[in-house]
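Single-letter residue listing:
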Amino acid sequence: MKLVLANLFRAAALVLLLILLFRTEWLSFLLLPLTSNNAPAVYTQNSLPHLAASHLFLVAISIVGSAVLAILGGIFVTRKSGEDFLPLSRAIANAGQTFPPVAVLALAVPATGFGAGPTLIALFLYGLLPIFENTVSGLKQVSPSVLDAADGMGMNGTQRLFQVELPLALPLILEGLKVATVINIGTATIGSTVAAKGLGEVIIAGLISDNTAFILQGGLIVGLMAVLIYDAMGLIENAITERIGLRPA
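Residues numbered from 1 in each chain as written. Predicted model: local features only at pLDDT ≥ 70, side-chain atom pairs only at ≥ 80, totals over all residues. Heavy atoms only, no water.

### With respect to the overall build of the protein chain
1) Next: If you tally the helices and strands in the protein chain, you get ten helices and zero strands.
2) Next: Going from the N terminus to the C terminus, the protein chain shows its helices and strands as α-α-α-α-α-α-α-α-α-α.
3) Next: Along the longest, intermediate and shortest principal axes, the C-alpha atoms of the protein chain span 75 × 55 × 20 Å.
4) Next: Taking all 249 residues of the protein chain together, the buried fraction comes to 42%. (Helix = DSSP H or I, 4+ residues; strand = E, 2+ residues; numbered from the N terminus. Buried < 20%, exposed > 50% of the residue type's maximum accessible area, 1.4 Å probe, protein only.)

### Quick word on the confidence of the model for the protein chain
1) Next: Overall, the prediction assigns the protein chain a mean pLDDT of 90, with 98% of residues at 70 or greater.
2) Next: Across the protein chain, the element-wise mean pLDDT spans from 84 in helix 5 (residues 101–112) up to 96 in helix 3 (residues 48–77). (pLDDT = per-residue confidence, 0-100.)

### What about helix 4 (residues 86–98)?
1) Next: Its 13 residues give helix 4 an end-to-end C-alpha distance of 18 Å, which sits within 8% of 18 Å, the value for a rise of 1.5 Å per residue.
2) Next: All of the buried residues along helix 4 are Leu86, Ala93, Gly96 and Gln97. Down the axis, helix 4 shows its buried residues gathered within 100° of arc, on one side only. Facing away from the buried surface of helix 4 by more than 90 degrees, the exposed residues are Pro87, Leu88, Ile92 and Thr98.
3) Next: Taken together, the buried residues of helix 4 touch helix 3, helix 6 (116–140) and helix 8 (157–187). (Expected span 1.5 Å × (residues − 1). Arc of directions from axis to C-beta. Contact = heavy atoms within 4.5 Å.)

Take a look at the structure:
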(Lines give C-alpha, C1' and ligand atoms only; values in the text may rest on other atoms or scores of the structure.)
Protein backbone atom coordinates (compact mmCIF):
# COMPACT_ATOMS: atom_id res chain seq x y z
CA MET A 1 0.00 0.00 0.00
CA LYS A 2 2.82 2.38 0.90
CA LEU A 3 4.52 1.64 -2.41
CA VAL A 4 1.32 2.35 -4.32
CA LEU A 5 0.83 5.67 -2.53
CA ALA A 6 4.47 6.61 -3.12
CA ASN A 7 4.16 5.85 -6.83
CA LEU A 8 0.92 7.83 -7.06
CA PHE A 9 2.62 10.81 -5.41
CA ARG A 10 5.58 10.56 -7.79
CA ALA A 11 3.28 10.39 -10.80
CA ALA A 12 1.16 13.33 -9.62
CA ALA A 13 4.23 15.45 -8.88
CA LEU A 14 5.76 14.65 -12.27
CA VAL A 15 2.53 15.44 -14.14
CA LEU A 16 2.15 18.75 -12.30
CA LEU A 17 5.76 19.66 -13.05
CA LEU A 18 5.32 18.90 -16.76
CA ILE A 19 2.15 20.97 -16.88
CA LEU A 20 3.88 23.89 -15.17
CA LEU A 21 6.78 23.70 -17.63
CA PHE A 22 5.00 23.02 -20.90
CA ARG A 23 1.29 23.81 -20.47
CA THR A 24 1.09 26.41 -17.74
CA GLU A 25 -1.88 28.02 -19.48
CA TRP A 26 -3.96 25.02 -18.36
CA LEU A 27 -3.60 26.36 -14.81
CA SER A 28 -4.30 29.99 -15.64
CA PHE A 29 -7.77 29.82 -14.05
CA LEU A 30 -6.08 28.98 -10.74
CA LEU A 31 -3.32 31.58 -11.11
CA LEU A 32 -5.48 34.46 -12.33
CA PRO A 33 -6.90 35.32 -8.86
CA LEU A 34 -3.30 35.86 -7.68
CA THR A 35 -2.74 38.71 -10.14
CA SER A 36 -3.82 42.34 -10.06
CA ASN A 37 -4.24 45.22 -12.53
CA ASN A 38 -4.82 42.82 -15.44
CA ALA A 39 -1.32 41.38 -15.10
CA PRO A 40 -0.66 38.11 -16.96
CA ALA A 41 -1.19 34.95 -14.92
CA VAL A 42 1.33 32.86 -16.86
CA TYR A 43 5.03 33.70 -17.20
CA THR A 44 5.93 33.93 -20.91
CA GLN A 45 8.98 36.21 -21.01
CA ASN A 46 11.36 33.24 -21.40
CA SER A 47 10.94 29.54 -22.11
CA LEU A 48 10.29 27.76 -18.82
CA PRO A 49 11.80 24.44 -20.02
CA HIS A 50 14.94 26.33 -21.07
CA LEU A 51 15.17 28.10 -17.72
CA ALA A 52 14.66 24.80 -15.88
CA ALA A 53 17.38 23.12 -17.96
CA SER A 54 19.80 25.99 -17.30
CA HIS A 55 18.92 25.87 -13.60
CA LEU A 56 19.65 22.14 -13.36
CA PHE A 57 22.85 22.53 -15.39
CA LEU A 58 24.21 25.02 -12.84
CA VAL A 59 23.27 22.66 -10.02
CA ALA A 60 24.85 19.63 -11.71
CA ILE A 61 28.15 21.37 -12.47
CA SER A 62 28.43 22.76 -8.94
CA ILE A 63 27.59 19.40 -7.31
CA VAL A 64 30.21 17.58 -9.37
CA GLY A 65 32.84 20.10 -8.29
CA SER A 66 31.75 19.97 -4.65
CA ALA A 67 31.66 16.17 -4.65
CA VAL A 68 35.16 15.79 -6.07
CA LEU A 69 36.73 18.16 -3.54
CA ALA A 70 34.62 17.06 -0.54
CA ILE A 71 35.10 13.31 -1.10
CA LEU A 72 38.84 13.67 -1.71
CA GLY A 73 39.06 15.90 1.36
CA GLY A 74 37.06 13.41 3.43
CA ILE A 75 39.35 10.58 2.37
CA PHE A 76 42.46 12.64 3.16
CA VAL A 77 41.45 13.64 6.69
CA THR A 78 40.50 10.06 7.60
CA ARG A 79 44.00 8.81 6.75
CA LYS A 80 46.71 8.92 9.42
CA SER A 81 48.70 11.40 7.34
CA GLY A 82 45.78 13.86 7.20
CA GLU A 83 43.85 13.42 10.43
CA ASP A 84 45.48 16.55 11.93
CA PHE A 85 43.81 18.59 9.18
CA LEU A 86 40.27 17.46 10.06
CA PRO A 87 39.39 20.49 12.26
CA LEU A 88 40.67 22.93 9.60
CA SER A 89 38.90 21.11 6.77
CA ARG A 90 35.67 20.99 8.77
CA ALA A 91 35.92 24.72 9.52
CA ILE A 92 36.40 25.52 5.82
CA ALA A 93 33.42 23.36 4.81
CA ASN A 94 31.27 24.96 7.51
CA ALA A 95 32.30 28.44 6.38
CA GLY A 96 31.17 27.64 2.85
CA GLN A 97 27.74 26.63 4.13
CA THR A 98 27.24 29.50 6.59
CA PHE A 99 28.48 32.33 4.36
CA PRO A 100 25.37 34.00 2.86
CA PRO A 101 25.01 33.25 -0.87
CA VAL A 102 24.19 36.90 -1.55
CA ALA A 103 27.53 37.88 -0.05
CA VAL A 104 29.32 35.24 -2.16
CA LEU A 105 27.68 36.62 -5.29
CA ALA A 106 28.61 40.19 -4.36
CA LEU A 107 32.25 39.21 -3.84
CA ALA A 108 32.45 37.00 -6.92
CA VAL A 109 30.90 39.39 -9.46
CA PRO A 110 33.90 41.79 -9.56
CA ALA A 111 36.21 38.84 -10.20
CA THR A 112 34.13 36.77 -12.63
CA GLY A 113 31.56 39.21 -13.99
CA PHE A 114 27.82 38.67 -14.23
CA GLY A 115 26.32 35.37 -15.32
CA ALA A 116 26.86 31.77 -14.30
CA GLY A 117 30.31 32.25 -12.74
CA PRO A 118 29.33 33.83 -9.40
CA THR A 119 26.40 31.43 -9.05
CA LEU A 120 28.61 28.38 -9.59
CA ILE A 121 31.01 29.63 -6.91
CA ALA A 122 28.19 30.10 -4.41
CA LEU A 123 26.64 26.70 -5.20
CA PHE A 124 30.04 24.99 -5.06
CA LEU A 125 30.66 26.34 -1.56
CA TYR A 126 27.15 25.41 -0.41
CA GLY A 127 27.53 21.83 -1.58
CA LEU A 128 30.76 21.10 0.29
CA LEU A 129 29.57 20.63 3.87
CA PRO A 130 26.98 17.82 3.58
CA ILE A 131 29.15 15.78 1.21
CA PHE A 132 32.32 16.28 3.26
CA GLU A 133 30.69 15.49 6.61
CA ASN A 134 28.92 12.41 5.27
CA THR A 135 32.13 11.16 3.66
CA VAL A 136 34.03 11.55 6.93
CA SER A 137 31.22 9.93 8.94
CA GLY A 138 30.88 7.07 6.48
CA LEU A 139 34.60 6.28 6.49
CA LYS A 140 34.90 6.60 10.27
CA GLN A 141 31.99 4.23 10.93
CA VAL A 142 33.71 1.30 9.21
CA SER A 143 34.31 -1.30 11.90
CA PRO A 144 37.95 -1.72 13.00
CA SER A 145 37.46 -5.50 12.83
CA VAL A 146 36.58 -5.17 9.14
CA LEU A 147 39.72 -3.12 8.55
CA ASP A 148 41.80 -5.67 10.44
CA ALA A 149 40.32 -8.42 8.29
CA ALA A 150 41.23 -6.48 5.14
CA ASP A 151 44.78 -6.05 6.43
CA GLY A 152 44.90 -9.76 7.25
CA MET A 153 43.98 -10.55 3.64
CA GLY A 154 47.07 -8.67 2.53
CA MET A 155 45.35 -5.58 1.15
CA ASN A 156 47.42 -2.42 0.91
CA GLY A 157 46.00 0.99 1.85
CA THR A 158 44.64 1.77 -1.62
CA GLN A 159 42.99 -1.62 -2.02
CA ARG A 160 41.44 -1.37 1.43
CA LEU A 161 40.08 2.09 0.65
CA PHE A 162 38.46 1.21 -2.68
CA GLN A 163 37.40 -2.37 -1.97
CA VAL A 164 36.27 -2.05 1.65
CA GLU A 165 35.99 1.46 3.11
CA LEU A 166 34.38 3.39 0.27
CA PRO A 167 31.78 0.69 -0.53
CA LEU A 168 30.76 0.56 3.15
CA ALA A 169 30.67 4.37 3.37
CA LEU A 170 28.76 4.70 0.09
CA PRO A 171 25.22 5.02 1.56
CA LEU A 172 26.22 7.99 3.72
CA ILE A 173 28.16 9.60 0.88
CA LEU A 174 25.15 9.29 -1.42
CA GLU A 175 22.93 10.78 1.29
CA GLY A 176 25.27 13.77 1.44
CA LEU A 177 25.04 14.15 -2.32
CA LYS A 178 21.24 14.08 -2.13
CA VAL A 179 21.12 16.76 0.56
CA ALA A 180 23.63 18.98 -1.27
CA THR A 181 21.67 18.65 -4.52
CA VAL A 182 18.37 19.69 -2.92
CA ILE A 183 20.04 22.63 -1.16
CA ASN A 184 21.58 23.81 -4.42
CA ILE A 185 18.34 23.47 -6.41
CA GLY A 186 16.76 25.97 -4.05
CA THR A 187 19.83 28.21 -3.69
CA ALA A 188 20.37 28.44 -7.46
CA THR A 189 17.30 30.68 -7.77
CA ILE A 190 19.31 33.57 -6.34
CA GLY A 191 21.69 33.35 -9.29
CA SER A 192 19.19 35.26 -11.41
CA THR A 193 20.08 38.41 -9.45
CA VAL A 194 23.47 38.35 -11.22
CA ALA A 195 22.07 37.41 -14.66
CA ALA A 196 22.52 33.65 -14.42
CA LYS A 197 19.86 31.82 -16.39
CA GLY A 198 17.54 29.90 -14.11
CA LEU A 199 14.11 29.69 -12.56
CA GLY A 200 14.93 32.56 -10.26
CA GLU A 201 14.01 34.79 -13.20
CA VAL A 202 10.37 33.80 -12.80
CA ILE A 203 10.35 34.50 -9.07
CA ILE A 204 12.21 37.80 -9.42
CA ALA A 205 9.84 38.89 -12.20
CA GLY A 206 6.96 38.24 -9.83
CA LEU A 207 8.60 40.19 -7.01
CA ILE A 208 9.36 43.16 -9.25
CA SER A 209 5.83 43.31 -10.70
CA ASP A 210 4.08 42.27 -7.48
CA ASN A 211 2.66 39.28 -9.35
CA THR A 212 2.06 36.42 -6.93
CA ALA A 213 1.17 34.10 -9.81
CA PHE A 214 4.73 34.30 -11.18
CA ILE A 215 6.21 33.74 -7.71
CA LEU A 216 4.02 30.66 -7.22
CA GLN A 217 4.92 29.28 -10.65
CA GLY A 218 8.64 29.59 -10.08
CA GLY A 219 8.45 28.31 -6.52
CA LEU A 220 6.35 25.29 -7.46
CA ILE A 221 8.65 24.29 -10.32
CA VAL A 222 11.76 24.55 -8.13
CA GLY A 223 10.07 22.69 -5.27
CA LEU A 224 8.77 19.88 -7.46
CA MET A 225 12.14 19.46 -9.16
CA ALA A 226 13.84 19.22 -5.76
CA VAL A 227 11.35 16.63 -4.47
CA LEU A 228 11.46 14.48 -7.63
CA ILE A 229 15.25 14.61 -7.98
CA TYR A 230 15.74 13.76 -4.30
CA ASP A 231 13.35 10.84 -4.70
CA ALA A 232 15.07 9.64 -7.89
CA MET A 233 18.48 9.83 -6.22
CA GLY A 234 17.06 7.80 -3.32
CA LEU A 235 15.91 5.08 -5.73
CA ILE A 236 19.35 5.06 -7.36
CA GLU A 237 20.99 4.86 -3.93
CA ASN A 238 18.83 1.87 -3.01
CA ALA A 239 19.67 0.11 -6.27
CA ILE A 240 23.41 0.66 -5.80
CA THR A 241 23.48 -0.43 -2.18
CA GLU A 242 21.44 -3.54 -3.00
CA ARG A 243 23.80 -4.37 -5.85
CA ILE A 244 26.88 -4.23 -3.63
CA GLY A 245 25.13 -6.15 -0.85
CA LEU A 246 24.70 -3.38 1.73
CA ARG A 247 20.91 -3.63 1.70
CA PRO A 248 18.70 -6.70 1.33
CA ALA A 249 17.13 -6.98 -2.12
